[in-house]
Amino acid sequence: VETLKQALPLSVVVWVCSFALNQNQDIGTAIGDGLKSSPFAKALAEAVCQLVILGPECPVFKRSWCCYELAFAKDKNITTFLWLHKDSNIDKLKAEVEQLDLQKAEASEPRDKLKIDEEINRGFPGGFEALNKSLQSHLDLQLKFSLTYRDKMDNLLKRLDDALKSGDKKEQDKVRQQMQIKGRRLEEEYVREQQRR
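The written sequence of each chain sets the order in which its residues are numbered from 1. Residue-level local features of this predicted model are given only where pLDDT is at least 70; pairs of side-chain atoms are given and counted only at 80 or more, and the full residue set underlies all totals for whole chains, interfaces and linings. The side-chain quantities take in all heavy atoms of the structure and omit both hydrogens and water.

Q: Help me out: how do you make sense of the pairing of strand 1 (residues 49-54) in this one?
A: Residues in a regular strand point their side chains to alternate faces of the sheet. Exposure is judged per residue with a 1.4 Å probe applied to protein chains only, and the accessible area is read against the type maximum: over 50% gives exposed, under 20% gives buried, and values in between give partly exposed. For the purposes of this entry, the term helix denotes a DSSP run of H or I that reaches at least four residues, the term strand denotes a run of E that reaches at least two, and both are numbered from the N terminus. Alternating positions in strand 1 separate cleanly, Gln50, Val52 and Leu54 being buried on one face and Cys49, Leu51 and Ile53 remaining unburied on the opposite face. Pairing of strand 1 with strand 2 (residues 79-84), which is carried by six bridges, proceeds in the parallel orientation. In the sheet register, isoleucine 53 faces strand 2, and the bridge partner there is tryptophan 83. For two strands to be treated as a pair, DSSP must find no fewer than two bridges joining them.

Structure follows, in C-alpha cells:
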C-alpha cells in the first residue's frame, strides 16, 4: 500500500487482480473458454497501463500468472510500469529478469500452469523461447525506467514519505502534484521508448 500511494495520485482507479478475483475458487470457472477471455484479460485489455508493484521480496518473474499477465500486456501494446519498493534488491531483480524462463515459472495450481503453458505455445509465435527473449528485453527496459524514475524522483519521494508519516495533508497534496508533473514527463519519454521497440 505504501508503494502504491507513492506510485499513483489518489484520483487514479486501480483494478487489483488478486483482490478482484476469488483466489480460492476453481480458477477454471473464472477463465472459461481461455485465458484471453478471462476477467483479468478483459480488464487488462481496457487498461491505459499496467502497474506492477514489486515488494522487497516479490517473486513476480517466477510466477506463471504474473509472467503471463506481463506477456499479455506486451502483446496488447499496453504500457507497463514496474514500481519498485524502496527496499527492492536491484541486483536480484536484474538477475531475475536475465534468468526469466516462463517454462520454469510456477503456479499454485498445476492446472493453471498447464493452461498458461498451452496458451503460450498456442498464442505466442515462437513459443517459450521467443516470449522469454521478448519479455527479458521488455522488462529490462522497464527496470531501467523504474531506476531512472526513482533516481529523478528521489527528493520528492522523501518529501512525500515525510508528509505521509507526519500526516501533513497539505504537503502531501503539494508533493503529489509536483510528482505528477515530473512523473508525467518521464512517463511520456518512457512510452515513446516502448513504442520504438
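Q: Can you walk me through the packing of helix 5 (residues 64-75) against helix 7 (residues 110-123) in this structure?
A: Packed helix pairs are specified by the crossing angle of their axes together with the interaxial distance, meaning the distance between the axes. The axes are straight lines fitted to the C-alpha atoms, using for helices just the contacting stretch, and the angles between their N-to-C directions are given from 0 to 180°. Viewed as axis vectors pointing N to C, helix 5 and helix 7 meet at an angle of 25 degrees, and their least axial separation amounts to 10 Å. By the angle between their directions, the pair helix 5 and helix 7 is classed as roughly parallel. For the pair helix 5 and helix 7, the sense of crossing is left-handed. Contacts between helix 5 and helix 7 involve Ser64, Trp65 and Tyr68 on the former and, on the latter, Asp112, Lys113, Ile116, Glu119 and Ile120. In this scheme, roughly parallel covers angles under 35 degrees and roughly antiparallel covers those over 145, while 65 to 115 is roughly perpendicular and the rest are oblique. Should the near helix be turned anticlockwise from the far one by less than a right angle, the crossing is termed left-handed; should it be turned clockwise, right-handed. By the convention used here, residues are in contact when the closest approach between their heavy atoms is within 4.5 Å.

Q: I'm lost on the pairing of strand 2 in this one. Help?
A: A large share of strand 2 lies buried, amounting to six of its six residues. Burial of the side chains of strand 2 extends over both faces: Thr79, Phe81 and Trp83 are buried on one face and Thr80, Leu82 and Leu84 on the other.

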